[in-house]
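Listed here are the chains, written in short residue letters.
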Amino acid sequence: MSALEVRDPRLYDVVVDEPPRRAATGFRFLEGPVWHPRERSLVFSDIPAGRMYRRSADGQLSVFRDPSNMANGNAYDRRGRLLTCEHATSRLVRQEPGSRPVTLADRYNGRELNSPNDVVVARDGTIFFTDSAYCRTRPYGVPRPRELPFCGVYRLDAHGLELLTDEVEGPNGLCLSLDEQHLFVADTERMHIRRFELTDRGVGAGPGWVRTTGTGPGEPDGLKIDSAGNLFSCGPGGIHVFDAAGSALGVIRVPEVTANFTWGDDDMRTLYVCAGSTLHRFRTRVPGTRAF
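Residues numbered from 1 in each chain as written. Predicted model: local features only at pLDDT ≥ 70, side-chain atom pairs only at ≥ 80, totals over all residues. Heavy atoms only, no water.

**Brief notes about the sheet that holds strand 22 (residues 223–225)**
Next, step 1: Strand order in the open sheet formed by 5 strands is 1-25-24-23-22, with antiparallel pairing between adjacent strands. Looking along the sheet, the strands with just one partner apiece sit at the ends: strand 1 (4–6) and strand 22. Strand-to-strand twist across the sheet, computed as the mean angle between neighbouring axes with direction ignored, equals 20 degrees.
Next, step 2: Pairing between strand 24 (residues 238–242) and strand 25 (residues 248–253): 5 bridges, direction antiparallel. The partner of His240 across the bridge, within strand 25, is Val251. (Pairing = 2+ DSSP bridges. Helix = DSSP H or I, 4+ residues; strand = E, 2+ residues; numbered from the N terminus. Axes fitted to C-alpha atoms, helices over the stretch in contact; angles between N-to-C directions.)

**With respect to the pattern of salt bridges**
Next, step 1: Applying the stated rule across the entire model yields 21 salt bridges.
Next, step 2: For Arg136, the salt bridge identified is with Glu112, shortest N-O distance 2.7 Å. Here Arg136, found in the loop between strand 14 (127–132) and strand 15 (152–157), pairs with Glu112, found in strand 12 (residues 111–112); they are 24 residues apart in sequence, far enough to count as distant. When sorted by exposure, Arg136 lands in the same class as Glu112, which is buried.
Next, step 3: Between Arg190 and Asp187 there is a salt bridge, with the nearest N and O atoms lying 3.6 Å from each other.
Next, step 4: A relative accessible area of 35% places Arg190 in the partly exposed class.
Next, step 5: In this structure, a network of salt bridges that share partners links the residues Glu5, Arg7 and Arg253. (Salt bridge = Lys/Arg side-chain N within 4 Å of Asp/Glu carboxyl O. Buried < 20%, exposed > 50% of the residue type's maximum accessible area, 1.4 Å probe, protein only.)

**A word on the side chain of Arg91**
Next, step 1: Considering the arrangement of structural elements, one finds Arg91 in strand 9 (residues 91–95).
Next, step 2: In this structure the side chain of Arg91 is engaged in a polar contact, spanning 3.2 Å, whose partner is the side chain of Thr89.
Next, step 3: Within the structure, Arg91 has its side chain in polar contact with the side chain of Thr103 (distance 2.9 Å).
Next, step 4: Sequence-distant contacts of Arg91, that is, excluding residues within four places in its chain, are made with Asn69, Thr84, Cys85, Glu86, Thr103, Ala105, Asp106 and Pro116. (Polar contact = N/O pair within 3.5 Å; in protein donor to acceptor, adjacent residues only side chain to side chain. Contact = heavy atoms within 4.5 Å.)

Structure follows, in structure tokens:
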């Protein structure tokens, strides 16, 4: 049985036409999967459970961090350090092996961030993250009043924390283009993906680049780009695939609402998908890229 909704036959050159397989289940709501290429393991978050898990290459599951402060998005930097967005504390933290997480950002202009959502790290170590507001409510956060009147997309580097834009209504998943000249941001509220040009002064114009249209539950959330420049995005019915020019190739149908995903395994051609209570696996023909 096909798991693909084909809108352009080039989709068959990008993904394998087979249904997703369950890798683990029984969770509350999964997010933030990241693959460690040296340890050959996947780390992911169960937000409402306040716990993070590790799945080894042979399928063994263990608790990675408990409590996680309702962790959401995760990313590795080029040194293999794990960065995590925490909803309950409104922090972006970094953890080195064998140490406690340290806070990288929790305030902007003296005001507490809303709830950092997702994070990505450039090759030079520059960090980009989204800060949305809907995670200050149950079951994905701790109810409390906001201190910032806007939702933002931020850049963090040696010069400090910089607000790149507050024009994204519902900033969620994000990823960098292969040449790291553009930043893609999912605007969940507006059901589209924006493409910002990165400049020394911040970002250029960020018009709506593509929309995720179709049947079934889901909206733009996690974003990733494969090694050929194809953009993958959560959306109605599963994971939507676009070519580098923004043309829709089709949808990988997933049986639960998809929140995020990442590539893993030795060949970087297994797409690990966080969808509701279940972690799925799906094979692609084009590999993803390694974090380090």
